[in-house]
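Structural characterization, general
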Amino acid sequence: MGFSTKQIHAGVKPDPTTGAILTPIYQTTTYVQPSVDEYLSKGFSYSRSGNPTVRALENKLAELEGGADCAAFGTGMSAVTATMLAFLSAGDHAIISDVAYGGTYRLCTKVLTRFGIEFTFANGADPNDVASSVRDNTKLILTETPANPTMKCTDIAAISKIAKKAGAVHAVDNTFLTPYFQRPFELGADLSIHSTTKYMDGHNATVGGAVISKTAELAEKVKFIQNSTGSIMSPMVAWLTLQGCKTLSVRMEQQSANAMAIAEFLEAHPKVEQVCYPGLKSFAQHELSSQQATGYGAMLWFEVKGGLAAGKKLMDSVKLWSLAENLGSVESLITHPVTMTHADVEAKERARVGIIDGLVRLSVGLEDKEDLIGALENALKQV
Ligand SMILES: *Cc1c(COP(=O)(O)O)cnc(C)c1O
């Protein structure tokens, strides 16, 4: 089956009692057991451990990524946290992309270090830097590619080889491209992590997360943490995400086509200093992006001539684009990572990894590209 067929049909079947085509929202805490001897015969005991609506989403996401199983979480951050807790203990070491979601960086540096876990933030664009960061106690490598917000890309196959040699698990945060455009397991990775808040939901309706495991053995470790820490997704969120997923391929195609048009418009604009979009020939890792993904996604950033002051003017005056955190939705959003999503990353660290003060991040939505470009064109006249 093709991806678009799977995104609609995988994991769901008509409700056996009513024939309802959509999986119901099983809003229940517990499940009445037929008898002591038949405990768990229908598969569910308590909704922290598992819920039929959440299970349907987990099955769908596992199939879309081509993995053995999936665990769905209350947020993307709880999915990242569960990955860390499943594969790291006190005294262990993990290597993380030096450009990563601000919340991932904060989790590592401000929370997990308190429990005796060590982290190295390595340059994912240079596999040698990752290889030379490996220690005897390295148990996990987390790659975010393309990375939020600089769009730095990491060669998933190269890092998977390094992880295998080190005996470490390789997790890829696949939030930006989704399995429609990027297939971590086919490139050798072990886990694929999502903030389902972003493209999986796609409609700014929910926050959620997921970890898809390549093997049942890895999945069992993640599921154990999902139950032990009580971080499972809620049935309502799972239901909304189940509906959002059905149009993933169509949204990704159209949003990335819009992003390409906007990137080309910005690159040609005299008031724009630089544009960073993996689909542009000028993108430093255009070749790697073209080789390991089948699309370039709908995230990009640019810098206006005049840096931070000019960028602020543009973000405050632009119409149609909403100034907000989040990304991946049908609504186009404009974000200033330095004051918003990445404010918790120290200024020195931001400078080191290329999150410049004037960086304006765009999450390109599903509106008509002419309207999106027109709004940017008008705003650029103000700066
Ligand atoms: C948003 C995001 C997260 C965190 O997800 P939440 O749903 O906001 O908790 C993790 N990784 C990436 C790449 C993200 O964009």
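Remember, predicted model here, so these are calculated numbers, not experimental data. (Residues numbered from 1 in each chain as written. Predicted model: local features only at pLDDT ≥ 70, side-chain atom pairs only at ≥ 80, totals over all residues. Heavy atoms only, no water.)

As for the site of the ligand
How we decide: Being near a molecule or strand, for a residue, comes down to having at least one heavy atom within 4 Å of it. N or O atoms within 3.5 Å of each other form a polar contact, as long as, within protein, one can give a hydrogen and the other can take it, and as long as residues adjacent in sequence are counted only when both atoms are side-chain atoms. Using a 1.4 Å probe, accessible areas were evaluated by the Shrake-Rupley method; residue-level cover was limited to the displayed protein chains. Under the scheme applied, nonpolar residues are Ala, Val, Leu, Ile, Met, Phe, Trp, Tyr, Cys and Pro; charged residues are Asp, Glu, Lys and Arg; polar residues are all the others, including Gly.
As a matter of local geometry, the ligand sits amid 14 residues, with M77, D173, S195, T197 and K198 nearest to it. Here an oxygen atom of the ligand sits 2.8 Å away from a polar atom, N or O, in the main chain of M77. Between an oxygen atom of the ligand and a side-chain N or O atom of T197, the distance comes to 2.7 Å. Here the ligand loses 92% of its free accessible area of 380 Å² to cover by the protein chains. Each residue belonging to the shell around the ligand can be placed in one class, and the counts come to four nonpolar, seven polar and three charged.

Notes on the pairing of strand 6 (residues 191–195)
Here is the rule: Each residue is assigned to one of three classes by its accessible area relative to the maximum for its type, calculated with a 1.4 Å probe on protein chains only: buried under 20%, partly exposed between the two thresholds, exposed over 50%. A run of DSSP states H or I qualifies as a helix once it reaches four residues; a run of E qualifies as a strand once it reaches two. Both are numbered from the N-terminal end. Whether two strands pair depends on DSSP finding at least two bridges between them.
With five of its five residues buried, strand 6 lies for the most part within the structure. Relative to strand 6, strand 5 (residues 169–173) is paired through three bridges, and the arrangement is parallel. In the sheet register, D173 faces strand 6, and the bridge partner there is I193. Inspection of the sheet shows strand 6 paired to strand 7 (residues 209–213) by five bridges, in the antiparallel sense. Bridge pairing links S192 to I212 in strand 7.

Here we look at the packing of helix 2 (residues 52–65) against helix 9 (residues 235–245)
Using the following cut-off: Simply put, an axis is a line fit to the C-alpha atoms, just over the touching stretch for a helix, and the angle between two N-to-C directions goes from 0 to 180 degrees. Throughout, a crossing is termed right-handed when the near helix is turned clockwise from the far one, and left-handed when it is turned anticlockwise from it by less than a right angle. Between two residues, a contact is recorded if the distance between any of their heavy atoms is within 4.5 Å.
The contact between helix 2 and helix 9 brings their axes to 8 Å, and the two run at 35°. In this structure, helix 2 meets helix 9 at a crossing whose hand is left-handed. Taken together, the residues of helix 9 that come into contact with helix 2 (itself represented by T53, V54, A56, L57, K60 and L61) are P235, A238, W239, T241, L242 and C245. Partitioning the contact of helix 2 with helix 9 into residue classes produces nine nonpolar, two polar and one charged.

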